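# Structural features, examined
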Protein chains: 2
Amino acid sequence: MSIVHPFDQAIALVPQEDGTFQGRFTPAYGNMVGPYGGIITAALLNALPTHTGQQQADPVSLTVNFAAPIADAEYQITVRLMRNNRSTQHWNMELSQNGEVAATATAVLAHRRATWSATEASMPTAPVVESLRSSRMPGAPRWVSSYDMRFVKGEVTLQPDQQTEDSTSLLWVRDEPPRPLDFVALAAMSDCFFPRIFVRRQQLALIGTITLTTYFHADRAALTQQSDKHLLAEAHANRFYNGYFDQGAKLWGADGTLLATSHQLVYFKA
Amino acid sequence: MSIVHPFDQAIALVPQEDGTFQGRFTPAYGNMVGPYGGIITAALLNALPTHTGQQQADPVSLTVNFAAPIADAEYQITVRLMRNNRSTQHWNMELSQNGEVAATATAVLAHRRATWSATEASMPTAPVVESLRSSRMPGAPRWVSSYDMRFVKGEVTLQPDQQTEDSTSLLWVRDEPPRPLDFVALAAMSDCFFPRIFVRRQQLALIGTITLTTYFHADRAALTQQSDKHLLAEAHANRFYNGYFDQGAKLWGADGTLLATSHQLVYFKA
């Protein structure tokens, strides 16, 4: 018997005769209103081919623009190859519901070659996963329980005495139930942080991600190496200003490899 | 007599009957091969309307994907409004040369409203502009002399003994000749950094920006306030890995306002 992981159910695409893809967001990744942004991001990346001709191509960059409210319902994705160069492919994607564009995206796939390499960012120190409790957030939207999150810092408690001037969060995170890491799961996890304004003010606010960009710093072999272990995930904000704030994130593999960096701009009402 | 600034010459667009725009990159912003990425970015942003109906809309986010080599020559830009919501407009743009797409872009314009606001990032300390010499780089591409750059840290000297394990740069920068800051100039300046790999290794390498995302954290009033003073600009890298590295940047106004943050992914051969 083979059981499909809820993540794969939520991003499963059915190719249509006209070259588009059809899918359906599932309750397991529901957010306050509509689906979790990470699952929308993963569905868009999932629509791209993982091979071009004989060559394997890995995503190096992905930007998703959330243009309109999205429902926990059927969606259509169209993809368009904008340019195909020797080492990179540039793609545009659109996600529609009821015939209207709700999200647009661009992605760059690349054939990596071995080169001089170096990491300048430092992995934050954190207690071992096993020493931390799994976060339990009664009343949180469904997508939260599709991850195992173990906070080192910057949890949303909604306790006024936990308000802070540094909204940085640090947590260990993996899919729940565990699932071997791949690029679509990593793309989804780049959005696994609560909005920085919730951490900063320890109160809820009306928010919505406007745009999300993820850079992948690792190849397929590094993700295979990571498998279903927890990633160390860090997120911070630079500025909240008149309705918009940014969030920057780093995702580290269990062995200290920087797997991805990600940035988003978020609308807020406060 | 009215003199047009070289920056405005380089991004000037002529509306065509079919709704597209035509422009021509100028030698003043030439790079090693083709135009400076910042001027391409500015031209794309310049194609968007600054008003929607009666309301002024400011850019909050801009992503440019550099899909193919671009020449110091004529270009066409097409823009398409993907969604128009109450507070935001989502745009797609394409820049073509000789009928082929060379760059794609997405932008979000927004009507900002006064809200609770806070800045978490700290402006780095730096000597006053007047105490630093303007950088002179013989042999540098033309766009470099279209800026006045005064380095505090992380200049490209090509001296092997200046190699470093921290490729961070910090500099004061403004348009040369001086020009009052606006969103298109700020978008261009978000690419005003030498490639991190040049700083790190103090040697040239074949490089090309693949994708650039800028978040604007300020409104028009803050840019007017900044006028033609120097901005404090900081750039760093997180990881160089098998042909690609990222660069993160912050641009601060002279009065300490965080005006923009920016991220790019760069192809390299080394």
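All of the points below concern the structure found in this document. (Residues numbered from 1 in each chain as written. Chains lettered and ligands numbered in written order. Predicted model: local features only at pLDDT ≥ 70, side-chain atom pairs only at ≥ 80, totals over all residues. Heavy atoms only, no water.)

### What about the overall build of chain A?
Of the regular secondary structure elements, chain A holds five helices and 16 strands. In summary, chain A has a C-alpha radius of gyration of 18 Å against a globular reference of 18 Å for 270 residues, a match within 12%. In terms of principal-axis extent, the alpha carbons of chain A reach across some 55 × 45 × 45 Å. The 270 residues of chain A split such that 60% are buried. The contacts in chain A between residues at least 6 apart in sequence include a share of 68% that link residues at least 24 apart. Accessible surface, chain A as shown: approximately 11000 Å² in total, 50% of it carbon and sulfur. Distance between charge centroids for chain A: 4 Å, based on 21 positive and 24 negative side chains. (Helix = DSSP H or I, 4+ residues; strand = E, 2+ residues; numbered from the N terminus. Rg over C-alpha atoms; globule rule 2.2 N^0.38 Å. Buried < 20%, exposed > 50% of the residue type's maximum accessible area, 1.4 Å probe, protein only. Contact = heavy atoms within 4.5 Å. Areas by Shrake-Rupley, 256 points an atom, 1.4 Å probe, with all protein chains shown as cover. Lys, Arg positive; Asp, Glu negative; His and termini not counted. Charge placed at Lys NZ, Arg CZ, Asp CG, Glu CD.)

### Focus: the packing of aromatic side chains
In this description, a pair of aromatic rings is defined by centroid distance and the angle of the planes. Residues and elements named next belong to chain A. Applying the stated criterion to the full structure yields 28 aromatic pairs over all chains. Summarising the aromatic geometry, the rings of Trp143 and Phe194 are spaced 5.9 Å apart at their centres and angled 45° between planes, so their arrangement reads as tilted. Separated by 51 residues along the polypeptide, Trp143 in the loop between strand E9 (118-119) and strand E10 (147-153) and Phe194 in the loop between helix H3 (183-189) and helix H4 (196-201) bring together distant segments of the chain. Taking the relative accessible area as the measure of exposure, Phe194 reaches 9% and is therefore buried. (Phe/Tyr/Trp six-rings, centres within 6.5 Å; stacked < 30°, edge-to-face > 60°.)

### Quick word on helix H2 (residues 37-46) of chain A
Burial analysis of H2 of chain A places nine of its ten residues in the buried class, which makes it a mostly covered element. Listed in full, the buried residues belonging to H2 of chain A are Gly37, Gly38, Ile39, Ile40, Thr41, Ala42, Ala43, Leu44 and Leu45 of chain A.

### Section: the pattern of salt bridges
Any two side chains of opposite charge can pair if their charged atoms end up close together. Summed over all chains, the structure comprises 18 salt bridges over all chains. Where Arg80 of chain A meets Glu94 of chain B, a salt bridge forms, and the shortest distance between an N and an O atom there is 3.6 Å. Taken together, the residues span two chains, with Arg80 of chain A in strand E6 (residues 74-84) and Glu94 of chain B in strand E7 (residues 88-97). Residue classification places Glu94 of chain B among the buried residues on the basis of a relative accessible area of 18%. The partner of Glu176 of chain A in a salt bridge is Arg174 of chain A, with the nearest N and O atoms 2.9 Å apart. A relative accessible area of 32% places Glu176 of chain A in the partly exposed class. The buried category is assigned to Arg174 of chain A, whose relative accessible area is 14%. (Salt bridge = Lys/Arg side-chain N within 4 Å of Asp/Glu carboxyl O.)

### Here we look at unusual backbone geometry
Leaving glycine aside, a negative phi is the common case for residues, and trans is the common case for peptide bonds. Of note, the bond from Glu176 of chain A into Pro177 of chain A is cis; its omega dihedral lies within 30 degrees of zero at 0°. Positionally, Pro177 of chain A belongs in the loop between strand E11 (169-175) and H3. The backbone of Gln202 of chain B sits at a positive phi, close to 50°, despite the residue not being glycine. Take Gln202 of chain B: it is sitting in the loop between helix H4 (196-201) and strand E12 (206-216). Look at Asn242 of chain B: it is not a glycine, yet its phi comes out positive at around 40°. Inspection of the secondary structure puts Asn242 of chain B in the loop between strand E14 (239-241) and strand E15 (244-252). On the basis of relative accessibility, which here comes to 12%, the residue Asn242 of chain B falls in the buried class.

### What about the interface of chain A and chain B?
Facing the 64 residues of chain A at the interface are 65 residues of chain B. Carbon and sulfur atoms make up 52% of the surface buried where chain A meets chain B, a total of about 5700 Å² over both sides. Considering only the surface of chain A that becomes buried against chain B, Trp116, Glu120 and Arg239 of chain A emerge as the three largest contributors, covering 14% of it. Where chain A touches chain B, the interface holds 40 residue pairs in polar contact (both at pLDDT 80 or more). Counting residues per element, the side of chain A that touches chain B draws most heavily on strand E16 (residues 258-269) of chain A, which supplies seven residues. Taken together, the residues of the side of chain A that touches chain B break down into 25 nonpolar, 24 polar and 15 charged. Direction of pairing for strand E14 (residues 239-241) of chain A relative to strand E9 (residues 118-119) of chain B: antiparallel, over a ladder of two bridges. Looking at E9 of chain B, one finds that Arg239 of chain A is bridged to Thr119 of chain B. (Buried area = accessible area lost by both parts, 1.4 Å probe. Polar contact = N/O pair within 3.5 Å; in protein donor to acceptor, adjacent residues only side chain to side chain. Nonpolar A, V, L, I, M, F, W, Y, C, P; charged D, E, K, R; others polar. Pairing = 2+ DSSP bridges.)

### Thoughts on the pairing of strand E15 (residues 244-252) of chain A
Residues and elements named next belong to chain A. Taken across its nine residues, E15 has eight buried, putting it largely inside the fold. Sheet analysis places strand E13 (residues 231-236) next to E15, joined by five bridges and oriented antiparallel. When the bridges of E15 are listed, His236 appears paired with Gly248. Counting the residues that bridge the hairpin from E14 to E15 gives two residues, and of these Asn242 lies at a positive phi of roughly 40°. Direction of pairing for E15 relative to E16: antiparallel, over a ladder of nine bridges. Among the inter-strand pairings, Gln247 is bridged to a residue of E16, identified as Gln264. Hairpin connection, E15 to E16: the antiparallel pair is bridged by five residues, and Gly256 has positive phi, about 95°.

### Some thoughts on the relation of the copies chain A and chain B
Overlaying chain A on chain B yields an RMSD of 0.0 Å, the required transformation being a rotation through 180° with an accompanying axial translation of 0.0 Å. Expressed as an axis order, the relation between the two copies is that of a two-fold axis. Interface overlap between copies is the fraction of interface residues in one copy that are interface residues in the other; for chain A against chain B it reaches 100%, indicating a shared surface. (Least-squares fit on C-alpha atoms with pLDDT ≥ 70 in both.)

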